[in-house]
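# Close look at the chain arrangement
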Amino acid sequence: MPYPELLKPLDLGFTTLKNRVLMGSMHVGLEEVENGFERMAAFYAERARGEVGLIVTGGISPNERGRPMPWGAKLTTEEEAEHHRRITDAVHAEGGKIALQILHFGRYAYHPDLVAPSAIQAPITPFAPMPLPARRSSRPSPISSTARPWLSPPAMTASRSWGPRAI
């Protein structure tokens, strides 16, 4: 076997993956369709049954303006979190681990309310972004200052399906 470590467990410190096979994020196009979360739960559960070590979901916006399109998927309410929990529960039921990719689409969003670090328009959208105000510090803000309270680090415990311990 050319990759002898591939199917061995990988200890990440806070969790152990059953192997080193990672399913990278990809937008499956189901986030915004009827019964899309049920279909995604079945899709990702099937990959977990196939023994993928870690699944990373497609990008989900952290807020309205970061959506890829006006009706694009986001994670800003408890109700939206429950939709995503359905996927996590399906993967966990198959013995898999999954991580949610939070993705702000910035200037590549396809709606008139998009924001980005600058007003430079992306070539794939007819909309120019509203530039975000300049930062006072070069240090990135902690996630707890921008995410909803239930996504903040204190909420990331084994009892929640979010955060590193839920993988």
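The structure we're discussing is the one just above.
Presented here is a report on the structure given in the accompanying data block. Along each chain, residues carry numbers from 1 onward, in the same order as the chain's sequence is written. At least 70 in pLDDT is required for a residue's local features to be given in this predicted model, at least 80 for side-chain atom pairs to be given and counted, and no such filter applies to totals for whole chains, interfaces and linings, which use all residues. Side-chain numbers come from the whole structure's heavy atoms, not from hydrogens or water.

Along its length, the protein carries 3 helices and 7 strands. Secondary structure elements are taken from DSSP: a helix is a run of H or I of four residues or more, a strand is a run of E of two residues or more, and numbering for both begins at the N terminus. For the protein, the α and β elements follow one another from N to C terminus as β-β-β-α-β-α-β-β-β-α. At a minimum sequence separation of 6, the contacts of the protein that also span at least 24 residues come to 53%. Accessible surface computed for the protein: about 9900 Å², of which carbon and sulfur atoms make up 58%. A contact between two residues is defined here by any heavy atoms of the two lying within 4.5 Å. Areas reported as accessible are Shrake-Rupley estimates using a 1.4 Å probe. Residue values count occlusion only from the protein chains shown.

It is worth spelling out unusual backbone geometry at this point. In this structure, Asn 35 takes a positive phi of about 60° despite not being glycine. Looking at the element boundaries, Asn 35 is found in the loop between strand E3 (22-23) and helix H1 (36-49).

Patch building starts from residues that exceed 30% relative accessible area and form no salt bridge, then joins like charges within 9 Å and nonpolar side chains (Val, Leu, Ile, Met, Phe, Trp, Tyr) within 5 Å. Criterion for a salt bridge: a side-chain nitrogen of Lys or Arg within 4 Å of a carboxyl oxygen of Asp or Glu. A contiguous nonpolar patch, built from Met 1, Tyr 3, Leu 6 and Leu 7 and spanning about 480 Å² of accessible area, is present on the exposed surface. Partly exposed residues are those whose accessible area sits between 20% and 50% of the maximum for their type, while under 20% is buried and over 50% is exposed, using a 1.4 Å probe and protein chains only. Judged by relative accessible area, Leu 6 falls into the partly exposed class, the value being 33%.

Below, the discussion takes up the environment of Leu 17. By the element assignment, Leu 17 lies in strand E2 (residues 16-17). What makes Leu 17 buried here is its relative accessible area of 6%. Distance from Leu 17 to Leu 7, taken between C-alpha atoms, is 9.9 Å for residues 10 residues apart in sequence.

Turning our attention to the nonpolar core. One broad rule of soluble globular proteins: the nonpolar side chains tend to lie buried together. The criterion is simple. A nonpolar core is a set of buried Ala, Val, Leu, Ile, Met, Phe, Trp, Tyr and Cys residues joined through side-chain atoms within 4.5 Å. Formed by 15 residues in total, the largest nonpolar core has its most connected members in Met 23, Met 40, Tyr 44, Ile 55, Ile 87, Val 91 and Ile 98. Elements represented by at least two residues in this core include exactly H1 and helix H2 (78-93). Per element, the largest residue contribution to this core is 7 residues, and it comes from H1. Those residues in contact with Tyr 44, other than ones at most four positions away along the chain, are Met 23, Met 26, Val 28, Ile 55, Thr 57, Gly 58, Ile 87, Val 91 and Ile 98.

Further remarks concern the side chain of Thr 57. As for its position among the elements, Thr 57 is in strand E4 (residues 54-60). Polar contacts here mean pairs of N or O atoms no more than 3.5 Å apart (in protein, one a potential hydrogen donor and the other a potential acceptor; neighbouring residues in sequence count only if both atoms are side-chain atoms). Here the side chain of Thr 57 touches Gln 101 through a polar contact of 3.1 Å, landing on its backbone nitrogen. Apart from residues lying up to four places away in sequence, Thr 57 is in contact with Ser 25, Met 26, Tyr 44, Ile 98, Ala 99, Leu 100 and Gln 101.

To continue, consider H2. Counted at 1.5 Å a residue, the expected span for H2 with its 16 residues is 22 Å, and the 22 Å between its end C-alpha atoms agrees. At His 84, H2 shows its strongest bend, of approximately 25°. When we look at burial in H2, the residues that qualify are Glu 80, Ala 81, His 84, Arg 85, Ile 87, Thr 88, Ala 90 and Val 91. The inward-facing, buried residues of H2 abut H1, E4 and strand E5 (98-102). The first or second residue beyond H2 is Gly 95, which carries a positive phi of 80°. An expected span of 1.5 Å times one less than the residue number is assigned to each helix. The bend at a residue is defined as the angle formed between two axes, one fitted to the seven residues ending at that residue and one fitted to the seven starting there.

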